[in-house]
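Residue-level structural notes
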Amino acid sequence: MAIISNKEFKEALRFAASVQFWRMAVLWTISLLTSYFQLHSKRLFSRKAQSYPRCHPPISESLRPVCVITGATSGLGAAAAHALSREGFYVVLVGRSSRLLSKIMIEIKTQNEDAQVKAFEVDMSSFKSILEFKSSLQQWLLDCKMHFSVQLLINNAGILATSSRFTPEGYDQMMATNYIGAFCLTKFLLPLLKRSLVPSRIVNVTSFTHRSVFDIQVDKESVSGTRFLRSEQYPFARIYEYSKVYLLLFSYALHQQLRLMDKPCHVSVNAADPGCVKTNIMRELPSCLSKLAFQVLKLLGLLQLPKNGVSSILDAALAPPEASGVYFFGGEGRTVNSSMLSYNAKLAKELWTMSYNLFLEASLASKNTSSSTSDNLS
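These numbers come from a predicted model, not from an experiment.

How each quantity is defined
- Residues numbered from 1 in each chain as written.
- Predicted model: local features only at pLDDT ≥ 70, side-chain atom pairs only at ≥ 80, totals over all residues.
- Heavy atoms only, no water.
- Salt bridge = Lys/Arg side-chain N within 4 Å of Asp/Glu carboxyl O.
- Core = buried A, V, L, I, M, F, W, Y, C linked by side-chain atoms within 4.5 Å.
- Buried < 20%, exposed > 50% of the residue type's maximum accessible area, 1.4 Å probe, protein only.
- Helix = DSSP H or I, 4+ residues; strand = E, 2+ residues; numbered from the N terminus.
- UniProt positions renumbered as here; feature names shortened; annotations may be inferred.
- Axes fitted to C-alpha atoms, helices over the stretch in contact; angles between N-to-C directions.
- Left-handed = near helix turned anticlockwise from the far one by under 90°.
- Contact = heavy atoms within 4.5 Å.
- Nonpolar A, V, L, I, M, F, W, Y, C, P; charged D, E, K, R; others polar.
- Parallel < 35°, antiparallel > 145°, perpendicular 65-115°, else oblique.

Attention now goes to the pattern of salt bridges. Counted under the stated rule, the structure contains nine salt bridges. Where R334 meets E332, a salt bridge forms, and the shortest distance between an N and an O atom there is 4.0 Å.

Time to look at the nonpolar core. Within the largest apolar cluster, 91 residues are counted, with the highest numbers of intra-cluster contacts made by F133, L137, Y179 and Y246. Looking at which element gives the most residues to this core, the answer is helix 8 (residues 236-259), with 15 residues. Counting 35 residues, the second largest nonpolar core, distinct from the first, contains A78, L93, I104 and I154.

This brings us to the UniProt feature "transmembrane region" (unreviewed entry) in the protein. Feature annotation in UniProt assigns "transmembrane region" (unreviewed entry) to the following positions: residues 20-39. With 100% helix and 0% strand, the stretch residues 20-39 has end C-alpha atoms that lie 27 Å from each other.

For the rest of this paragraph, the subject is the packing of helix 3 (residues 75-86) against helix 4 (residues 98-111). Viewed as axis vectors pointing N to C, helix 3 and helix 4 meet at an angle of 35°, and their least axial separation amounts to 10 Å. Helix-helix and strand crossings are classified by hand; for helix 3 and helix 4 the assignment is right-handed. Together, A78, A81, H82, S85 and R86 of helix 3 and I104, E107, I108 and Q111 of helix 4 make up the contact between the two elements. Looking at the contact of helix 3 with helix 4 residue by residue, the class counts come to four nonpolar, three polar and two charged.

How two helices pack is summed up by the angle between their axes together with the distance between the axes. At their nearest, the axes of helix 2 (residues 19-45) and helix 8 sit 8 Å apart, and the two run at 45° to each other. It follows from the interaxial angle that helix 2 and helix 8 lie oblique. Judged by residue contacts, Q20, R23, M24 and W28 of helix 2 engage F236, A237, R238, Y240 and E241 from helix 8. Among the residues making up the contact of helix 2 with helix 8, the classes are represented as five nonpolar, one polar and three charged.

Dropping the structure here:
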């Protein structure tokens, strides 16, 4: 049994006395149990519980489907990369650490010598880094003489930060990584998804924690996360929950937009909730508390390993093309409803407008920076 130092013990006590800790301990547990209750209620009381089979991607000599996975260096992202490489996808790994990206690439190739894998070092909290990735990905597709398209985008990157940090754009880093980055990357890659010769898909990895939010604002300060920084203590649990609600509102709004296009569009959008999975998402919490939490969840039968928790992500990714605007949870192709708040069309519209404005602001700032750099060099 590991012995913790006096300093670690005091830090754990201080953390355990915080409102955010008890928000996680109580509300997040209730939210998870709510999802499972809904899942099993459907099985018991519904004659037709909605579930979807997995479909293998179409593979030919002229087309090998390309899958982009963010947050692919560990946990669920790495598990999804392993699984989808076995399905025949050319897997594009996106992560912040070049060392971990190389490690995952080697692991995938070791387990499957036929796997096709490419890695890009990207900071999903940075608009500039995402913009550079878009250009690099497009150039790579051209250089490899592959069809200029993407078949699957999995927005999996996410962090649970316990202290406030800012991005170069002035956003809260957790909100930028978990939501704004996913919005921007999707906007950038949507043209490539639309160019696909076969039905393509976006999967946004969300969380049962979104059920802990009962009211939400979609003004600029809330979406950028700066509104929360006025609090005496950094409300990390609330910001994490907000980011997951935003991701759902965005998912359903994009699903509706693609369905209402003048031209038929074969891009679908699904949300995936892996449940409670033992990953390094809680690495910033005192280690003794995160270990205790995992132990309790394991005893309750609620904790999964990434190889099992990835099931809902694979279900969302490989469901039939007509499956769109669906919330996958519990594996075996099963689905549940997300919270009532996440289906609020008015909020979704307002969020889209605000997110797009942030996207335009960041684009303009990036162009001005590039112009300024060019002027200095000339």
